[in-house]
Amino acid sequence: MFGFGTKNIGIDLGTANTIVYVEGKGIVLREPSVVAKNTKTGAIVAVGTEARNMIGRTPASIKAIRPMKDGVIADYDTTVAMLKYYISKTLGRSSGKPYVMVCVPSGVTAVEKRAVIDATRIAGARNAYVIEEPFAAAIGAGLPVMDPTGSMVVDIGGGTTDVATISLGGIVSSSSIRVAGDQLNSSISSYLRQNYNLLIGERTAEKIKWEIGSASLEKAKQMSSITIRGRYLLNGLPKSVEVSAEDVAKAIHKSIQEIIAIIKKTLEETSPEISADVIDHGIVLTGGGALLHDIASVVSDATKVPASVAKNPLDCVAIGTGKSLKNINVMRKK
């Protein structure tokens, strides 16, 4: 247990990972958004990294669950249990209850926001507030969000890709699409099943994505191949197959095009003044998806606007959520 007292905390409650930021300390916890439950008793068996290691390897009585789907709560009770675990682990033996800032995708409904707030309160927060993911990402990436100049951020997370233009402390235009890291993994799995008759697990698909995944079909041709193992569907036996980077690029091409389309749509809805600022400052990519090979150059080529990956893209939302904690005192007075 960390034992940071009752300092306010910020939580990036992601589909793939949960990152906790403590006021005055920075990021103190980073674990997968996974919970292992006993299906017979309903008891929580493991949370986080330990639970993720159980995916695809559990007996019938234990199920590894990802309670967040597409950036929103899919399993309320399990999300509460996960939040309770992470808040408790962060605060240690402290008896006080913290104020908590939680990020949510820009496209969520009022009901979905309320679900996040209620779950966080039940999990042990004195009170909870929400901040939209692209705004938090922009703060974490160091963009001048409070200045009278336009900035554009594309946050490619696990469940959603959030795109927003920001100026004077607010979101000017935004779009959200439920195509992101999880969809890329699923596309890779489907491609291998259809073209190689090979069935692979979620973790293997993610490993392939990070090792040889590229957003560019042309550049993928110059990358290497890797050997993966799975179950051969024609006889049900284990089999090893060599997969090329070009295969992976083909598998995820449709999803990448959907992400580019939502970026273009947001740019089209932006005022000429903000558009001019974005051309000057460029598009900043954050989130785990920003680590995909060649994603910045593909976005730049498609939009004709410079694009770059933020420093520490995985942490931008959590850092921005944490930095916004200073506004909690203002919210508490409302």
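Residues numbered from 1 in each chain as written. Predicted model: local features only at pLDDT ≥ 70, side-chain atom pairs only at ≥ 80, totals over all residues. Heavy atoms only, no water.

Q: Explain the sheet that holds strand β1 (residues 9-13) to me, using residue names and the numbers behind them.
A: If you trace the five strands from one edge of the open sheet to the other, you get β3-β2-β1-β9-β10, paired in mixed fashion. The outermost strands of the open sheet, each flanked by one partner alone, are β3 (26-32) and β10 (127-132). Here the average twist between neighbouring strands, direction ignored, is 20 degrees. Helix-sheet contacts for helix α4 (residues 133-140) involve β9 (99-104) and β10, and the interaxial angle to β10 is about 80 degrees. (Pairing = 2+ DSSP bridges. Helix = DSSP H or I, 4+ residues; strand = E, 2+ residues; numbered from the N terminus. Axes fitted to C-alpha atoms, helices over the stretch in contact; angles between N-to-C directions. Contact = heavy atoms within 4.5 Å.)

Q: Would you mind going over the packing of helix α5 (residues 181-196) against helix α6 (residues 202-212) in detail, with residue names and values included?
A: Between two packed helices, both the angle of their axes relative to each other and the distance between the axes serve to describe the pair. Relative to each other, α5 and α6 sit at 100 degrees, their axes nearing to 9 Å. Between α5 and α6, the interaxial angle falls into the category roughly perpendicular. Here Gly-181, Leu-184, Asn-185, Ile-188, Ser-189 and Leu-192 of α5 come into contact with α6, specifically with Ala-205, Glu-206, Ile-208 and Lys-209. For the contact of α5 with α6, the class distribution of residues is five nonpolar, three polar and two charged. (Parallel < 35°, antiparallel > 145°, perpendicular 65-115°, else oblique. Nonpolar A, V, L, I, M, F, W, Y, C, P; charged D, E, K, R; others polar.)

Q: Pulling in residues and values, what's your account of the sheet that holds strand β13 (residues 170-177)?
A: The sheet built from five strands is open, its strands ordered β13-β12-β11-β17-β18 with mixed pairing. Only two strands of the sheet have a single neighbouring strand rather than two, namely β13 and β18 (307-309). Across the sheet, the mean angle from the axis of one strand to that of its neighbour is 20 degrees, orientation sign disregarded. Here strand β17 (residues 283-286) runs beside β18; their pairing, made up of three bridges, is parallel. Looking at the pairing, Ile-283 lines up with Ala-307 of β18. Against the sheet, α4 makes contact with β11 (151-156), β12 (161-167), β13 and β17, and its axis sits at roughly 65 degrees relative to β12, the strand it touches most.

Q: So, the pattern of salt bridges: which residues are in play, and what are the values?
A: For the coordinates displayed, the defined rule picks out twelve salt bridges. A salt bridge links Lys-221 to Glu-218; the shortest N-O distance between them is 3.4 Å. Under the relative-accessibility criterion, Lys-221 is labelled partly exposed at 48%. For Glu-218, a relative accessible area of 52% puts it in the exposed group. Through salt bridges that share partners, Arg-66, Asp-182 and Glu-202 make up one connected network. (Salt bridge = Lys/Arg side-chain N within 4 Å of Asp/Glu carboxyl O. Buried < 20%, exposed > 50% of the residue type's maximum accessible area, 1.4 Å probe, protein only.)

Q: Can you explain the nonpolar core? Please cite residues and give values.
A: The biggest cluster of nonpolar side chains holds 44 residues, and the ones touching the most others in it are Ile-208, Ile-256, Ile-263 and Ile-283. Leave out the neighbours within four places in its chain, and Ile-283 touches Met-152, Val-154, Ile-263, Leu-267, Val-278, Val-299, Thr-303, Val-305, Pro-306, Ala-307 and Ser-308. Formed by 26 residues, the second largest nonpolar core is a distinct cluster that contains Val-72, Val-80, Ile-87 and Val-104. (Core = buried A, V, L, I, M, F, W, Y, C linked by side-chain atoms within 4.5 Å.)

Q: Quick one: what's the story with the environment of Lys-250, residue by residue and with numbers?
A: Tracing the backbone through its elements, the reader meets Lys-250 in helix α8 (residues 245-268). Note on Lys-250: relative accessible area 44%, which makes it partly exposed. For the pair formed by Lys-250 and Asp-182, sequence separation is 68 residues and the distance between their alpha carbons is 16 Å. Excluding its chain neighbours within four sequence positions, the residues that come into contact with Lys-250 are Tyr-191 and Leu-217.

Q: Could you give an account of the side chain of Thr-165, naming the residues involved and the relevant values?
A: Along the chain, the position of Thr-165 falls in strand β12. Given the relative accessible area of 0%, Thr-165 is considered buried. Separated by 2.6 Å, the side chains of Thr-165 and Ser-173 make a polar contact. Apart from residues lying up to four places away in sequence, Thr-165 is in contact with Ser-151, Met-152, Gly-170, Ile-171, Val-172, Ser-173, Thr-270, Ile-274 and Val-278. (Polar contact = N/O pair within 3.5 Å; in protein donor to acceptor, adjacent residues only side chain to side chain.)

Q: Account for the side chain of Asp-277, naming residues and giving values.
A: Here Asp-277 lies in helix α9 (residues 272-281). Look at Asp-277: it is buried, it has no salt bridge, and the nearest opposite charge is Lys-265 at 20 Å. Setting aside anything within four residues of it in sequence, one finds Asp-277 in contact with Thr-149 and Gly-150. (Lys, Arg positive; Asp, Glu negative; His and termini not counted.)

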